[in-house]
Amino acid sequence: SGGNVIGPNTLSTLDATWSSGGFHSVTVTVTNASGCSRTVTSNVFVDMPPIPVITGPSPVCEFDTTQYSVPFVSGNFYIWNVVGGNIIGFSVGNTINVQWGSFGSGLVECRQISPAGCDSTVTKILTINSKPAPFITGTINVCENSDFNYAVATNPGSSYSWTVSGGTISGS
């Protein structure tokens, strides 16, 4: 029950496709040349393929390390693949850490395999954004208790946060 017969059901072998998960059965009645018959049933457990969903940041910044995961399912195996970065540490569990390369596009892929061998693969395509490359201009040899101006090139859409050590920021 719960399956579809592929081809004839009058031979000593049967091909079946299972359309739903759970407990089902396969039954055969064998009748010998004397007309005697016996019916036997075997229970079948149909394992549905896993449905992994990758969580983790997108987009990312170049050279950053970020974490990606799929929900843990006891007994399942996980095979990860990354394009545009490298997996840092172990890659056999449901969570990985990725160090991204230079800007462009990236991909995180996970193949999840159940104990019965049912598998599914999910892919997350993402953008790897470039980091700003500020260069500080200003005097590097200064006199104590004197004000000096330091600057970086203005980058539209960017924010700036300055700190100094051993001094104070004028006007703050």
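Residues numbered from 1 in each chain as written. Predicted model: local features only at pLDDT ≥ 70, side-chain atom pairs only at ≥ 80, totals over all residues. Heavy atoms only, no water.

**Student:** So what's going on with the overall build of the protein chain? Residues and values would help.
**Tutor:** Helix and strand counts for the protein chain come out as zero helices and eleven strands. Element order for the protein chain, N to C, with α for helix and β for strand: β-β-β-β-β-β-β-β-β-β-β. Each principal axis of the C-alpha distribution contributes one length, and for the protein chain these read about 115 × 25 × 25 Å. Sequence separation of at least 24 residues holds for 43% of the intrachain contacts in the protein chain that already meet a minimum separation of 6. Taken as a whole, the protein chain presents about 12,300 Å² of accessible surface, with 55% of it coming from carbon and sulfur. With 4 positive and 8 negative side-chain charges, the protein chain shows a separation of 18 Å between the mean positions of the two kinds. (Helix = DSSP H or I, 4+ residues; strand = E, 2+ residues; numbered from the N terminus. Contact = heavy atoms within 4.5 Å. Areas by Shrake-Rupley, 256 points an atom, 1.4 Å probe, with all protein chains shown as cover. Lys, Arg positive; Asp, Glu negative; His and termini not counted. Charge placed at Lys NZ, Arg CZ, Asp CG, Glu CD.)

**Student:** Describe the pattern of salt bridges, naming the residues involved and giving the relevant values.
**Tutor:** Applying the stated criterion to the full structure yields two salt bridges. Of the charged contacts in the structure, one is a salt bridge between Asp 64 and Lys 131, with a shortest N-O distance of 2.7 Å. Of this pair, Asp 64 sits in the loop between β5 (60-61) and β6 (65-69) while Lys 131 sits in the segment after β11 (119-129); the two residues are 67 residues apart in sequence, bridging distant segments of the chain. With relative accessibility at 25%, the residue Asp 64 sits in the partly exposed group. Overall, Lys 131 belongs to the partly exposed group, its relative accessible area being 37%. The salt bridge partner of Asp 119 is Arg 111, with a shortest N-O separation of 2.6 Å. (Salt bridge = Lys/Arg side-chain N within 4 Å of Asp/Glu carboxyl O. Buried < 20%, exposed > 50% of the residue type's maximum accessible area, 1.4 Å probe, protein only.)

**Student:** Can you lay out the sheet that holds strand β8 (residues 85-88) for me, pointing to particular residues and giving the numbers?
**Tutor:** Spatial ordering of the open sheet is given by β6-β9-β8, a layout of three strands whose pairing is antiparallel. The sheet is open, and its two borders are formed by β6 and β8, each paired with just one other strand. Between one strand and the next, the sheet's axes are offset by a mean angle of 35°, whatever the strand orientation. (Pairing = 2+ DSSP bridges. Axes fitted to C-alpha atoms, helices over the stretch in contact; angles between N-to-C directions.)

**Student:** Help me get a handle on the sheet that holds β5, residues and values and all.
**Tutor:** Within a sheet, neighbouring strands are paired by backbone hydrogen bonds and run either parallel or antiparallel to one another. If you trace the four strands from one edge of the open sheet to the other, you get β5-β11-β10-β7, paired in mixed fashion. Sheet topology places β5 and β7 (77-83) at the edges, where each strand pairs with a single neighbour. Inspection of the sheet shows β5 paired to β11 by two bridges, in the parallel sense. Counterpart to Cys 61 in the pairing with β11 is Asn 129.

**Student:** Explain the packing of aromatic side chains residue by residue, including any values.
**Tutor:** Under the defined criterion, the tally for this structure stands at two aromatic pairs. Between the aromatic rings of Tyr 68 and Trp 100, the centroid separation amounts to 6.1 Å while the plane-to-plane angle is 90°, which identifies the pairing as edge-to-face. In this pair, Tyr 68 is assigned in strand β6 and Trp 100 in strand β9 (residues 95-100), connecting sequence segments 32 residues apart. The class for Tyr 68 is buried, based on a relative accessible area of 0%. Trp 100 gets classed as buried once you look at its relative accessible area, which sits at 1%. (Phe/Tyr/Trp six-rings, centres within 6.5 Å; stacked < 30°, edge-to-face > 60°.)

**Student:** Could you give an account of the confidence of the model for the protein chain, naming the residues involved and the relevant values?
**Tutor:** Scored by pLDDT, the protein chain has a mean of 92; 98% of the residues are at 70 or more. Within the protein chain, strand β1 (residues 3-6) has the poorest average pLDDT of any element, 74, and β9 the best, 98. (pLDDT = per-residue confidence, 0-100.)

**Student:** Describe in detail the environment of Thr 27, supporting the description with residues and values.
**Tutor:** Assignment of secondary structure puts Thr 27 in strand β3 (residues 22-31). A sequence separation of twelve residues divides Thr 27 from Thr 39, and the C-alpha atoms of the two residues are 7.0 Å apart. Not counting residues up to four positions away in its chain, the partners in contact with Thr 27 are Thr 39, Val 40 and Thr 41. Within the structure, Thr 27 has its side chain in polar contact with the side chain of Thr 41 (distance 2.9 Å). (Polar contact = N/O pair within 3.5 Å; in protein donor to acceptor, adjacent residues only side chain to side chain.)

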